[in-house]
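Now for the letters of each chain:
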Amino acid sequence: MTVDAMTAERSDAELVAALADGNRAALAELYARHAPWLLLRLSRRCADPSLVDEVVQDTFVAVWKGAHRWKGDGEVAAWVWGIGIRRLLDALRRRPQAALVLIDSGDGALGIEQSAEERVLLSIQYGDLGPALDRLSPELRAVVQATVLDGLTTREAAKLLGIPSGTVKTRMMRAKAQLREALA
Amino acid sequence: MRADTWHADAASLRRYAEGTLGPAASASVESHLLACAACRGGVAPAAPAARLDAIWAQIEEAVDTPRRRPVERALVRLGVHDHTARLLAATPSLTTAWLLSVTASLVFALAAAQSTPRGVLLFLAVAPVLPVAGVAAAFGRDTDPTYDVALAAPYPSFRLLLLRTAAVLASTVLLVGLAALLLPTAPGLAAAWLLPALALSTATLALSARVPAAAAAGAVVALWLGALFTAVRATGSTYGAFGVVGQTACLALIAISIALISGLHRRAAFDLRRES
């Protein structure tokens, strides 16, 4: 297919640049590359498939419209995820009854700002971290996941989890203390 | 460890996609996926292809949808449904050209009103005609670009009629009302055009169930000017038509017209006429 020949060899960054010029083939290629993992990852955050589909759709429409806003550094995937998780937040705010799946825990996510302490605490290079995270209670793990892995602010995490911001902060502190203890 | 030298093993990717991988390992996979195109390709087959195709179709539709015109955007922001906003924005009497011509008419009428009492009468005579023209333009076979579409659309034409009329009246009356604030007369007289405007518009609407909208509007405007002239002659006052008798007559006309319109609606005359 000519479309593939045009886009197959181009990097994600080149495709996003092409989006800004209104190139539909570039959007199709980006979708083929990034929609599958995005859909899988969002499905682990939200149990409602129809809502996930809606969020994936919104995300790529936002990518299409906001391609000029991409700064051009870092991973396109991280940028797409940043849009996706915030769209999920918006969708959950509109439909608060949609069930959340709180399963994952966190490590240092790429392309997302975090404090040096978090990077050290949550870096997967520490072999003991995996079991330590698994031992966290689901409530604490959800907070670690939302703030560190998903790259949300305290306020956004609070909205995602349906708890006050203060609770996010105290749970994060408790999670860090437990991890520190487990890794000591 | 660099992302491009380490890859998640196939079993982890598969279990991640299934949702059976443990929390810490899942977190590890997710972080790695953000940086590794090869592993993103690795999990891709696990994503449901049918859902991805359906989502893509929706994205194409969203991307292809033309940008909304300013009127439509404003309506959507006011909480009007997408499709209703599109229908309203397609109303000829809501286009920028129409609103500009209404504004121009008002400017001239206002300019005339500044000089003499007869000028004020001119303003009061013109003001009710503008919404009538708007209502007529909204439903004319010749002026409405969506006339044929509206005939074929699975949307009750009576509802469309009311929607458009309300929108036309609201926008035109707003413009005329703003202009009337600048009239060099007492506020009471400056608002005297309001009831006649509503009366003439509803009468046009009622008539347009039987005759083409342009003819209905023409007849109503002719009647209005005739009544104005007669009233000025009969009372000997410049604003004779806008007295208590005139306003009461307008109220009566509004009542009759609304009764006619709702009666016609029950007999589905609007729908029949549109189908013929």
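Going by the structure above, here's the rest.
## Things to note about the nonpolar core
Proteins that are soluble and globular tend to have nonpolar side chains buried together. Ranked by size, the top nonpolar core spans 74 residues in total, and within it A:Y31, A:V56 and B:I59 carry the most contacts. At 12 residues, helix α5 (residues 76-94) of chain A tops the list of elements feeding residues into this core. When near neighbours in sequence (up to four residues on either side) are disregarded, B:I59 contacts A:L27, A:Y31, A:V56, A:Q57, A:F60 and A:V61. Counting 36 residues, the second-largest nonpolar core is a separate cluster that includes B:L124, B:A127, B:V132 and B:V173.

## Side note on the interface of chain B and chain A
Think of interface size as the accessible area that goes away when the parts come together; that is how it is often given. In this assembly, 31 residues from chain B lie in contact with 42 residues from chain A. When chain B packs against chain A, the two sides together hide about 3100 Å² of surface, and 64% of this comes from carbon and sulfur. The three residues of chain B that bury the most area against chain A are B:L34, B:R40 and B:R51, which together make up 22% of that side's buried surface. Run the count over chain B and chain A and you get six salt bridges. Two residues, B:R51 and A:D53, come together in a salt bridge whose shortest N-O distance is 2.8 Å. Counting every contact that joins chain B to chain A gives 10 residue pairs in polar contact (both at pLDDT 80 or more).

## Considering the packing of aromatic side chains
Counted according to the given criterion, the structure contains three aromatic pairs over all chains. Ring centres of A:Y31 and A:F60 lie 5.0 Å apart, and the angle between their planes is 75°; on these two criteria the pair is classed as edge-to-face. Residue A:Y31 is located in helix α3 (residues 24-43), and its partner A:F60 is located in helix α4 (residues 49-65); the two are separated by 29 residues in the primary sequence. Overall, A:Y31 belongs to the buried group, its relative accessible area being 6%. Relative to A:W79, the ring of A:W70 has its centre 6.1 Å away and its plane inclined at 50°; by these criteria the two rings are tilted. For A:W79, a relative accessible area of 18% puts it in the buried group. These aromatic residues form a ring-pair network of at least three members: A:Y31, A:F60 and B:W56. Sitting above the plane of the A:W81 ring, A:R41 keeps its charged end 3.8 Å from the centroid.

## A word on the pattern of salt bridges
The tally for this structure, following the rule as stated, stands at 12 salt bridges over all chains. Ionic pairing is found between A:R33 and A:D12, a salt bridge with its closest N-O pair at 2.7 Å. Separated by 21 residues along the polypeptide, A:R33 in helix α3 and A:D12 in helix α2 (residues 12-20) bring together distant segments of the chain. Accessibility expressed as a relative area gives 22% for A:R33, which makes it partly exposed. Its salt-bridge partner being B:R14, residue B:E18 comes within 3.5 Å of it at the nearest N-O pair. A residue pair is termed a helical-turn pair when its members lie 3 or 4 positions apart in one helix, as B:E18 and B:R14 do in helix α1 (residues 10-18) at four residues. A cluster of three or more residues bridged by salt bridges with shared partners is formed by A:R41, A:R44, A:R45, A:D150 and B:E30.

What counts as what
Residues numbered from 1 in each chain as written. Chains lettered and ligands numbered in written order. Predicted model: local features only at pLDDT ≥ 70, side-chain atom pairs only at ≥ 80, totals over all residues. Heavy atoms only, no water. Core = buried A, V, L, I, M, F, W, Y, C linked by side-chain atoms within 4.5 Å. Buried < 20%, exposed > 50% of the residue type's maximum accessible area, 1.4 Å probe, protein only. Helix = DSSP H or I, 4+ residues; strand = E, 2+ residues; numbered from the N terminus. Contact = heavy atoms within 4.5 Å. Buried area = accessible area lost by both parts, 1.4 Å probe. Salt bridge = Lys/Arg side-chain N within 4 Å of Asp/Glu carboxyl O. Polar contact = N/O pair within 3.5 Å; in protein donor to acceptor, adjacent residues only side chain to side chain. Phe/Tyr/Trp six-rings, centres within 6.5 Å; stacked < 30°, edge-to-face > 60°. Lys NZ or Arg CZ within 6 Å of the ring centre and 35° of its normal.

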